[in-house]
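An overview of the molecular structure
In case you want the letters, here they are:
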Amino acid sequence: MALGNNKTLCSICNKNKITYSCDGCSQRFCLLDLTEHRQILNNELHHIAGEYNEFKETINEQRQNPQNSSVIKQIDQWERNSIEKIQQTAKDWKEIVTESLQTYINDIEKTFNDLNEQIKQFQIENEFNEMDLSCLKNQLTEITEQLNNSSNISMQQNRQLIINDISIISLEKKIER
Ligand SMILES: [Zn+2]
Ligand SMILES: [Zn+2]
């Protein structure tokens, strides 16, 4: 066998040299280029290891800050919206009831003023008898009862919800509370 016959083409420098095959890419390299080839693979492994470390950081971050999860944020949003809706509904009803109570009291006050006016007339004119007195007493009892009964307006709770309940679904199964 002639000297130098064991040489083949290096896939990098394209020269006939003693070459070594790489099982991974099935290319042949001279020693110099094989060293460099290994270095490139090493660099790539280093880069991938870096990406794995970043992923590990992401896992730790998500474990430490579950409130950053998009589902938690959605629940927060639902909570805020629901509270807002309930507060608005309560505010609306309180305005309506307040107005209604004021009208009710105004009506009673009007009756009272009329009766009071009559008392003044009686005092001025000195023209009244037992029947008038009895009538005045009865009327006062009546408007006193009316005023005390302003709680004849009352609240009752409906079965119907003004907010929507939520459920949380994972791809595998519904999550129960
Ligand atoms: Zn080479
Ligand atoms: Zn290779």
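Under an unreviewed UniProt entry, the name given to the chain is B box-type domain-containing protein, and the organism recorded is Adineta steineri.

**Focus on the nonpolar core**
In terms of nonpolar packing, the biggest core is built from 5 residues, these being I108, L115, F122, L136 and I143. Contributing elements (two or more residues each) for this core: α2 (70–125) and α3 (130–148). Take this core: its biggest share by element is 3 residues, from α2. Beyond its immediate chain neighbours, meaning those up to four positions away, L115 contacts L136, Q139 and I143.

**Concerning the domain arrangement of the chain**
The domain boundaries assigned to the chain delineate domain 1 (8–64) and domain 2 (68–153). Taken over C-alpha atoms, the centre of domain 1 sits 85 Å from the centre of domain 2.

**A closer look at the coordination of the zinc ion (ligand 1)**
Coordination sphere of the zinc ion (ligand 1), protein contribution only: C10 (SG), C13 (SG), C30 (SG) and D33 (OD), at 2.0 to 2.3 Å. Metal-centred angles of 102 to 124° between the 4 donor atoms at the zinc ion (ligand 1) mark the site as tetrahedral. Counting residues between consecutive donors of the zinc ion (ligand 1) along the chain gives the motif C-x2-C-x16-C-x2-D. Of this pair, C13 sits in the loop between β1 (8–9) and β2 (16–17) while D33 sits in helix α1 (residues 31–64); the two residues are 20 residues apart in sequence, bridging distant segments of the chain.

**Some words on α2**
Counted at 1.5 Å a residue, the expected span for α2 with its 56 residues is 82 Å, and the 81 Å between its end C-alpha atoms agrees. Inspection of α2 places S82, I108, L115 and F122 among the buried residues, and these make up the whole buried set. Looking at the buried side of α2, the elements it contacts are α3. Measuring from the backbone nitrogen of V71 back to the side-chain oxygen at the start of α2 gives 3.1 Å, which picks out S69 as the cap. Remark: N126 follows α2 within two positions and exhibits a positive phi of approximately 55°.

**Comments concerning the layout of surface pockets**
Empty space among the atoms becomes visible once a probe the size of a water molecule is rolled across them. The calculated volume of the largest pocket comes to roughly 660 Å³. As for the largest pocket, its lining consists of 17 residues, and the residues nearest its centre are T89, W93, M155, Q156 and Q157. Tallied by class, residues from the lining of the largest pocket come to 10 nonpolar, 6 polar and 1 charged. The computed volume of the second largest pocket comes to approximately 220 Å³. What lines the second largest pocket is W78, D165, I166, S167, I168, K174, I175, E176 and R177. Class assignment for the residues of the lining of the second largest pocket results in 4 nonpolar, 1 polar and 4 charged.

**Some thoughts on the side chain of T19**
Structurally, T19 can be placed in strand β3 (residues 19–21). Judged by relative accessible area, T19 falls into the buried class, the value being 8%. Polar side-chain contacts of T19 include one of 2.8 Å to the side chain of R28. Setting aside its immediate chain neighbours within four residues, T19 contacts T8, L9, C10, R28, F29 and C30.

**Topic: unusual backbone geometry**
Even without being glycine, S26 reaches a positive phi, approximately 60°. Within the secondary structure, S26 sits in the loop between β3 and β4 (28–30). By relative accessible area, which is 61% here, S26 ends up exposed. With phi around 55°, N126 is a residue other than glycine that occupies positive phi space. Its location among the elements puts N126 in the loop between α2 and α3.

Cut-offs used in this document
Residues numbered from 1 in each chain as written. Chains lettered and ligands numbered in written order. Predicted model: local features only at pLDDT ≥ 70, side-chain atom pairs only at ≥ 80, totals over all residues. Heavy atoms only, no water. Core = buried A, V, L, I, M, F, W, Y, C linked by side-chain atoms within 4.5 Å. Buried < 20%, exposed > 50% of the residue type's maximum accessible area, 1.4 Å probe, protein only. Helix = DSSP H or I, 4+ residues; strand = E, 2+ residues; numbered from the N terminus. Contact = heavy atoms within 4.5 Å. Domains from an automatic or database assignment. Donors = N, O, S within 2.8 Å, 3.2 Å for Na, K, Ca; no water. Tetrahedral: all angles 85-135°; square planar, octahedral: opposite > 155°, others 65-115°. Expected span 1.5 Å × (residues − 1). Polar contact = N/O pair within 3.5 Å; in protein donor to acceptor, adjacent residues only side chain to side chain. 1 Å grid on protein atoms, 1.4 Å probe; cavity = no way out; pocket = protein on both sides within 12 Å on 5 of 7 lines; lining within 4 Å. Points joined across faces, edges and corners; volume = space filled by probe spheres on them. Nonpolar A, V, L, I, M, F, W, Y, C, P; charged D, E, K, R; others polar.

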